[in-house]
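# Report on the structure
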Amino acid sequence: MGTSMDRVFNFSAGPAAIPLPVLERARDELVDWHGCGMSVMELSHRGKEFMSIAERAEADLRGLLDIPAGYRVLFLQGGASAQFGAIPFNLAGPQDKADYVVTGSWSKKALAEGRRFLRANVAADSAENRHTEIPDPAAWQLSPDAAYLHYTPNETIGGVEFHFVPAAPAPLVADMSSTLLSRPIDVSRFGLIYAGAQKNIGPAGLAIVIVREELLGRAREGTPVMMDYREQAQNDSMLNTPPTWAWYIAGLVFEWLLEQGGLAEMERRNRRKAETLYQAIDDSGFYANPVAKHCRSWMNVPFTLADPGLDAKFLEQAKGVGLLSLKGHRSVGGMRASIYNAMPQEGVDALIAFMAEFERRHG
Ligand SMILES: *Cc1c(COP(=O)(O)O)cnc(C)c1O
């Protein structure tokens, strides 16, 4: 059996690292959850044991994010990508318009799916700066009759993040897959927030949707029932068998976050991790990050080496000292360090020390 001594620093963008205390607790509870003689995986989703797990998870998430009373929280399957399609089905008719802000790969995917189901207007697109800077909101071409404005607060691949919430007359719809729970947010500014769990929440197989109640009940004719947010809300996300194990682990992550001091503390830690890593990159003549400073992501830090011919060597040697999954996304190359809540400052410091040593030897 491995022990915690075998743990590496995992910089994967997703599925990503999960806090060790959460894994240890899951291990301790694996075969016999709270004396019921069964694993959570074996519990009926409608039984009182799992219901207590589900309710606690939602209550803790509400507490962490300070979710106002007029919002429903859904625990769904299909990942964030299924929501790309579910959102137009729930919020608009086929002839309606919705605005999309394009800042990188994920917002492009959301737009491509949206286009299949309604009249999607590109309100802004940062293609001309190769998605290294968020377009000035003053120049966005918003439609007066948009059913919603969709944007991606953190572009996981490009490492571009909004450090502000845009103002728009239409309900704001935000794909927070790689930034939810990284800091406090004002949920009341949003019509709908969604996130796949495997970045900063828990295991793959779960997506969380936080939706303003008054936006429910607008689903168009022909919406599949599993994609209908009102149906899911009315059935407490249990129209069918929900992803019980992923829901349970997410609940343990929420408890861990509360024990750490909540999202204000996460913000403090995440800001410091990001600042130290970007500083090290900027101070070196060997590493570079192309993103405009005011829109750099706190969660995903892409960087390149002065000589891409050294990429393979960098990855191999990093692995040798327990720094894993640093390979950049195949669409951009280079490196990417994802430093979600589960990555401690020590992991970032170890990466910075390794980078300096690698530069000294090869730069
Ligand atoms: C990972 C990711 C997705 C896709 O998530 P799935 O759960 O795999 O569908 C969508 N948007 C963003 C911003 C992501 O980081």
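Keep in mind the model is a prediction, meaning the values are calculated, not measured. (Residues numbered from 1 in each chain as written. Predicted model: local features only at pLDDT ≥ 70, side-chain atom pairs only at ≥ 80, totals over all residues. Heavy atoms only, no water.)

What follows deals with unusual backbone geometry. Excluding glycine, residues mostly carry a negative phi; peptide bonds, for their part, are mostly trans. A cis geometry characterises the amide bond from G14 onward to P15, with omega recorded as -10°. As for its position among the elements, P15 is in the loop between β1 (9-10) and α1 (20-28). (Helix = DSSP H or I, 4+ residues; strand = E, 2+ residues; numbered from the N terminus.)

Here we come to the packing of helix α8 (residues 311-320) against helix α9 (residues 345-362). Contact pair α8 / α9: the axes reach a minimum separation of 11 Å and the direction vectors enclose 135°. In this view, α8 runs oblique relative to α9, as classed from their interaxial angle. Considering the relative orientation of α8 and α9, their crossing is right-handed. Residues K313, F314, Q317 and A318 of α8 lie in contact with α9, whose contacting residues are F354, M355, F358, R361 and H362. Across the contact of α8 with α9, the residue classes tally to five nonpolar, two polar and two charged. (Axes fitted to C-alpha atoms, helices over the stretch in contact; angles between N-to-C directions. Parallel < 35°, antiparallel > 145°, perpendicular 65-115°, else oblique. Left-handed = near helix turned anticlockwise from the far one by under 90°. Contact = heavy atoms within 4.5 Å. Nonpolar A, V, L, I, M, F, W, Y, C, P; charged D, E, K, R; others polar.)

Every one of the 13 residues lining the ligand counts as a neighbour, but S81, T156, D175, Q198 and K199 are closest to it. One of the side-chain N or O atoms of S81 is found 2.6 Å from an oxygen atom in the ligand. At 2.4 Å, a side-chain N or O of T156 approaches an oxygen atom of the ligand. For the ligand, whose unbound accessible area comes to 390 Å², protein coverage reaches 87%. Take the shell around the ligand: its biggest share by element is four residues, from helix α3 (residues 79-91). In terms of residue class, the shell around the ligand is built from three nonpolar, eight polar and two charged. (Near = heavy atom within 4 Å. Polar contact = N/O pair within 3.5 Å; in protein donor to acceptor, adjacent residues only side chain to side chain. Areas by Shrake-Rupley, 256 points an atom, 1.4 Å probe, with all protein chains shown as cover.)

Further remarks concern the side chain of D311. Tracing the sequence through the fold places D311 in helix α8. No salt bridge is formed by the buried D311, whose closest oppositely charged neighbour, K327, lies at an N-O distance of 7.0 Å. Those residues in contact with D311, other than ones at most four positions away along the chain, are L305, G334 and M335. (Buried < 20%, exposed > 50% of the residue type's maximum accessible area, 1.4 Å probe, protein only. Lys, Arg positive; Asp, Glu negative; His and termini not counted. Salt bridge = Lys/Arg side-chain N within 4 Å of Asp/Glu carboxyl O.)

Burial of strand β12 (residues 300-305) is extensive: five of the six residues sit out of reach of the surface. In this sheet, β12 lies alongside strand β11 (residues 287-288) in antiparallel orientation, the contact comprising two bridges. Bridging across to β12, A288 finds its partner in T304. Summarising the sheet, β12 and strand β14 (residues 335-338) pair through four bridges and their orientation is antiparallel. Paired with N300 across the two strands is S338, which belongs to β14. (Pairing = 2+ DSSP bridges.)

All right, on to the domain arrangement of the protein then. How big an interface is tends to be expressed through the accessible area that disappears when the partners come together. Split by domain assignment, the protein resolves into domain 1 (24-259) and domain 2 (263-362). Centre-to-centre separation of domain 1 and domain 2, based on C-alpha positions: 27 Å. Of the residues lining the interface, 23 residues belong to domain 1; the matching set on domain 2 comes to 23 residues. Regarding the contact of domain 1 and domain 2, the summed buried area is about 2,000 Å², with carbon and sulfur atoms giving 59% of it. (Domains from an automatic or database assignment. Buried area = accessible area lost by both parts, 1.4 Å probe.)

Attention now goes to the nonpolar core. Residues L61, L65, L181, I201, I208, I210 and F254 are the most contacted members of the largest nonpolar core, which totals 56 residues. Here this core gets ten residues from one element, more than from any other, and that element is helix α6 (residues 244-260). Both domains that meet at this core, namely domain 1 (24-259) and domain 2 (263-362), each give it at least three residues. Setting aside residues up to four positions removed in sequence, I210 forms contacts with L65, I67, Y71, R72, V73, V187, G191, L192 and I193. If you look at the next biggest cluster of nonpolar residues, it comprises 30 residues, including A13, F286, L305 and L310. (Core = buried A, V, L, I, M, F, W, Y, C linked by side-chain atoms within 4.5 Å.)

A few words now on the environment of L64. Note that L64 resides in helix α2 (residues 48-65). Not counting chain neighbours up to four residues away, the residues in contact with L64 comprise L181, F254, L257, L258, G262 and L263.

This part is about empty space enclosed by the protein. Considering all chains together, one arrives at three cavities of 30 Å³ or more under this definition. In this structure, the largest cavity encloses a volume near 90 Å³. Residues of the lining of the largest cavity, tallied by class, amount to nine nonpolar, four polar and one charged. (1 Å grid on protein atoms, 1.4 Å probe; cavity = no way out; pocket = protein on both sides within 12 Å on 5 of 7 lines; lining within 4 Å. Points joined across faces, edges and corners; volume = space filled by probe spheres on them.)

Turning next to the sheet that holds β14. Taking strand neighbours across the sheet as the criterion, the three strands line up as β11-β12-β14 in an open arrangement whose pairing is antiparallel. Because the sheet does not close on itself, it has two edges, and the strands there are β11 and β14. Relative to β12, helix α7 (residues 262-283) is tilted by about 15°, and along the sheet it contacts β11, β12 and β14.

We now examine the sheet that holds strand β5 (residues 146-151). Working definition: the strands of a sheet are paired by backbone hydrogen bonds and lie parallel or antiparallel to each other. Pairing in this open sheet of seven strands is mixed, and the strands run β2-β10-β9-β8-β5-β3-β4 from one edge to the other. The strands lining the two open edges of the sheet, one partner per strand, are β2 (71-76) and β4 (119-125). Taking the axes of each pair of neighbouring strands and ignoring which way they run, one obtains an average angle of 20° across the sheet. Two strands pair when backbone bridges link them, and strand β3 (residues 97-102) and β5 are joined in this way by three bridges, in the parallel orientation. Across the sheet, Y100 pairs through a bridge with H150, a residue of β5. In the packing of α2 onto the sheet, contacts are made with β2 and β10 (207-212), and the angle to β2 comes to roughly 125°.

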